[in-house]
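Observations on the three-dimensional arrangement
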Amino acid sequence: MVQKKLFKMSIFLLVVMLFTTLLMSFKNKQIYAANSNDYPIVLVHGLYGWSKNEISSLNYWGGICDIEKYLNDQGFKTMTANVGNLASDWDRAVELYYFIKGGTVDYGAAHATKCGHERYGKTFKGIYPQWNENSKIHLIGHSSGGQTIRQLVELLKNGCLEERNHSERVSEKVSPLFIDGKNWVLSLTTIATPLNGSTLADYIAAKKNESAGAIDLSSIIPNSLMKMFSLSPTIDFKLDQWGLKRNYGETIYEYVDRVQKSKLLNSYDNALVDLTTLGAAKFNMTAKTYDDMYYFSFNGNNSIKDPSTGYYLPKNNTGTPNPSSIAIGMYNSNNTLPFGDEKWWKNDGTVNVISAQVPFGQPCKINDYVFTKGTWIINPTMEGWGHEDFIGLGTAQNPLTVLQYYKIIATTLSNLAK
């Protein structure tokens, strides 16, 4: 009975939030305006994401539900992307460009030579080949997917001078992605994204340095996820450029072991490096907030302060404790992090709350329902929401609650002025 009441209350609150959003938008002349848009939404997964047909019983976006289908049924054109797991933000962003636009993935001759992997990847037909300045898109990224879409915007806007110079020297054709001037994205939305890195990645990197061994992937791939992956004989991490395609008949455990021992994780061209606070800080030194785009961030907190120690522990901790949340909740780098370590302890189980709000030093404001370009709109922390709850894979939120949450986001995006 109590659970039913809580469920009804959560749905009621979301309906109120939706009504408030629409009312405030109307008040500020942003809804039903002549210059509102019908641009499609592209959903970009984080680490260990999978496509809709890889695990038949479960969607990355929605779990037992289907966020993409739901939003399309509600009238919001929505598509999901599928890019490499564990690959660097650069590689994932390049793949995302071709996944949307179509063509053979070109990671760049200079980049491929420097990093030691193949220059070319898969060929995609494109989910939105008409994509250009007149047919823009909205990008939504969950977890590291948020950093991927930020990297893509940087390449679209500025291209890559190093790749252009390299192509001129060796008289090779340069990918159109590395040529600047593409204002093709209207809005960028990050959901539970480590915009300033995650101290969980710092913790993993520190453990690797201490042991002088390989990164322990088992520490960041939950057992539940490994079990799901084991149900699909074809799912892999899409790391073809590294020669890490899963072999026929290879178990997921054998495959993970092979990836773990590969040169990928001993390079600087992988997600775990980009996800450290240092990796994110280096990216944020050059990444900008552009005046022709809207920016939104969403974050959650599923931790609570232990009054006896001051550390943060997982909320509603039943069953096996979340080791990632515990590690983040007491991570100590001798206060070398911005604002000190304690500010970083509150987390959603995987990402620090402070990191998911806004890239440090970039223009921002708390959501006041007045949406202006060139400013990050920080939405209030969703208390009790864990990292996986945002995509319907957690246990704390009802699937219908998650669907309504995305309807609110889609409604907001569709009513932004061009």
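Let us look at the structure shown here. (Residues numbered from 1 in each chain as written. Predicted model: local features only at pLDDT ≥ 70, side-chain atom pairs only at ≥ 80, totals over all residues. Heavy atoms only, no water.)

To continue, consider the pattern of salt bridges. Considering all chains together, one arrives at 13 salt bridges under this definition. For Lys-52, the salt bridge identified is with Asp-66, shortest N-O distance 2.9 Å. Here Asp-66 lies in the loop between β1 (41-44) and α2 (67-73) and Lys-52 lies in the loop between β1 and α2, a separation of 14 residues in the sequence. The partly exposed category is assigned to Lys-52, whose relative accessible area is 39%. (Salt bridge = Lys/Arg side-chain N within 4 Å of Asp/Glu carboxyl O. Helix = DSSP H or I, 4+ residues; strand = E, 2+ residues; numbered from the N terminus. Buried < 20%, exposed > 50% of the residue type's maximum accessible area, 1.4 Å probe, protein only.)

Turning our attention to the pairing of β1. Side chains Ile-41 and Leu-43 of β1 all project onto a buried face; the interleaved residues Val-42 and Val-44 project onto the opposite face, where all are buried too. Strand direction decides the pairing type here: β1 and strand β2 (residues 78-80), joined by three bridges, are parallel. Its bridge partner lying in β2, Val-42 is registered against Met-79. In this view, the connection linking β1 to its parallel neighbour β2 by way of α2 has right-handed handedness. Inspection of the sheet shows β1 paired to strand β5 (residues 137-142) by four bridges, in the parallel sense. The partner of Val-44 across the bridge, within β5, is Gly-141. (Pairing = 2+ DSSP bridges. Right-handed = clockwise from strand over helix to strand, strands pointing away.)

In the contact formed by helix α8 (residues 223-230) and helix α9 (residues 252-260), the axes pass within 9 Å of each other and the chain directions differ by 115°. On α9, the residues that touch Met-226, Lys-227, Phe-229 and Ser-230 of α8 are Ile-252, Tyr-253 and Val-256. Partitioning the contact of α8 with α9 into residue classes produces five nonpolar, one polar and one charged. (Axes fitted to C-alpha atoms, helices over the stretch in contact; angles between N-to-C directions. Contact = heavy atoms within 4.5 Å. Nonpolar A, V, L, I, M, F, W, Y, C, P; charged D, E, K, R; others polar.)

Think of an α-helix as turning once every 3.6 residues; residues three or four places apart then point the same way. In this model, helix α5 (residues 144-158) (15 residues) spans 21 Å end to end at C-alpha, consistent with the 21 Å of a helix rising 1.5 Å per residue. In terms of residue burial, α5 counts as a mostly covered element, since 14 of its 15 residues are buried. Trailing α5 by a residue or two, Gly-159 shows a phi angle of about 60°, which is positive. (Expected span 1.5 Å × (residues − 1).)

Below, the discussion takes up the packing of α5 against helix α11 (residues 277-286). Direction vectors running N to C along α5 and α11 enclose 30°, while the axes themselves pass 11 Å from each other. If you check the angle between α5 and α11, you find them roughly parallel. Note that α5 runs across α11; the crossing there is left-handed. Residues Gln-147, Arg-150, Gln-151 and Glu-154 of α5 form the contact with α11, whose own contacting residues are Ala-280, Phe-283, Asn-284 and Thr-286. Its residues assigned to classes, the contact of α5 with α11 comprises two nonpolar, four polar and two charged. (Parallel < 35°, antiparallel > 145°, perpendicular 65-115°, else oblique. Left-handed = near helix turned anticlockwise from the far one by under 90°.)

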